[in-house]
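Architecture and fold: a report
Each chain, written out:
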Amino acid sequence: VITWQDRERRRSHLEVAEAALLGGARVIQLRGKELGGKELYRLALGIKEMIIARGQEALFIVNDRVDVALAAGADGVHLGQEDLPPEIARKLVGEEVIIGVSAGSIEEAVKAEAAGADYLGVGPIFPTPSKQDAGLPIGIDGLVKIRDAVSIPIVAIGGINEVNMEEVLKAGVEGVAVISAVAGAEDMTTAARRLAQIIDLHIQGGK
Ligand code: TZP
Ligand code: MG
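The notes below deal with the structure included here. Source: prediction; values computed, not measured. (Residues numbered from 1 in each chain as written. Chains lettered and ligands numbered in written order. Predicted model: local features only at pLDDT ≥ 70, side-chain atom pairs only at ≥ 80, totals over all residues. Heavy atoms only, no water.)

**Remarks on the nonpolar core**
- I28, F60, L120, L143, I160 and V168 are the most contacted members of the largest nonpolar core, which totals 67 residues.
- The biggest single contributor to this core is helix α2 (residues 37–54), with six residues.
- Not counting residues up to four positions away in its chain, the partners in contact with L143 are V122, I125, I138, I154, A156, V168, A171 and V173. (Core = buried A, V, L, I, M, F, W, Y, C linked by side-chain atoms within 4.5 Å. Buried < 20%, exposed > 50% of the residue type's maximum accessible area, 1.4 Å probe, protein only. Helix = DSSP H or I, 4+ residues; strand = E, 2+ residues; numbered from the N terminus. Contact = heavy atoms within 4.5 Å.)

Written out as structure tokens, the structure is:
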């Protein structure tokens, strides 16, 4: 689950993170495009402490900011095509920190893998309400093509919800990332729990 703060500020990043963890999210990404380093660092520490306090095995990833990820002791950093190149980020964070890279095409995916990315965020799969410049949806077809072109784990993103998630999982991905399906839900915890259940059922079905 990726945190997000709506314009009306009805929900804070920490509230989204807490509800998501309560619902069983395995990874929390702090995505605070609107925030400066100081506030982002404070929230990053808050989410990290939340995960430790809950004794949950969830991973914590900071979007965009290598410095904040390192300062807060996050498990990883997620880089877009416009962020620091993965090979440069690797020099800064070392081998232990997870580096994820966004890819919307086979070219971007292959390049990110070669540059040392640990996983790819692939999308948008479907139209997304949460990112204006996300580009055209690549669909399940596009996802499968990228999956076949690389060997690192893939986290699908973009317009994924409880209705279409099974279809995405069937395409053979290691993860799914959502913003609005949780952060935009009336009951965020229940929304996260339902998504986690769909994933669990899918994994059991594949065994
Ligand atoms: N990158 C590609 S699509 C997207 C990001 C950050 C937004 C995903 O949000 P939603 O609401 O789950 O479609
Ligand atoms: Mg970015």
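**Here we look at the coordination of the magnesium ion (ligand 2)**
- Around the magnesium ion (ligand 2), the protein supplies D64 (OD) and D83 (OD) as donor atoms, at distances of 1.8 to 2.2 Å. Highlighted residues: D64 in the loop between β2 (59–63) and α3 (66–72) and D83 in the loop between β3 (76–79) and α4 (86–93), separated in sequence by 19 residues.
- Overall, D64 belongs to the partly exposed group, its relative accessible area being 22%. (Donors = N, O, S within 2.8 Å, 3.2 Å for Na, K, Ca; no water.)

**Details of the sheet that holds strand β4 (residues 98–103)**
- The strand order β1-β2-β3-β4-β5-β6-β7 describes an open sheet built from seven strands, whose pairing is parallel. With one partner strand each, in any of the chains shown, β1 (27–30) and β7 (175–177) form the two edges of the open sheet. On average, each strand axis in the sheet is inclined to that of its neighbour by 25 degrees, with strand direction left out of account.
- Bridge analysis of strand β6 (residues 154–157) against β7 gives three bridges, and the strand direction is parallel. Its bridge partner lying in β7, A156 is registered against V176. (Pairing = 2+ DSSP bridges. Axes fitted to C-alpha atoms, helices over the stretch in contact; angles between N-to-C directions.)

**Things to note about the environment of K170**
- Among the structural elements, K170 can be located in helix α7 (residues 165–170).
- The exposure class assigned to K170 is exposed, which follows from its relative accessible area of 62%.
- Sequence separation between K170 and H202 is 32 residues; the distance between their C-alpha atoms is 8.1 Å.

**Re the pattern of salt bridges**
- In this structure the tally under the stated criterion is nine salt bridges.
- Note that R26 is salt-bridged to D200, the shortest N-O span being 2.4 Å. With R26 in the loop between α1 (13–22) and β1 and D200 in helix α9 (residues 188–205), this residue pair connects regions lying 174 residues apart in the sequence.
- The class for R26 is partly exposed, based on a relative accessible area of 40%.
- A relative accessible area of 31% means that D200 is categorised as partly exposed.
- With a shortest N-O distance of 3.1 Å, D133 and K131 are connected by a salt bridge.
- The class of D133 is exposed, set by a relative accessible area of 61%.
- According to the relative accessible area criterion, K131 is partly exposed, its value standing at 33%. (Salt bridge = Lys/Arg side-chain N within 4 Å of Asp/Glu carboxyl O.)

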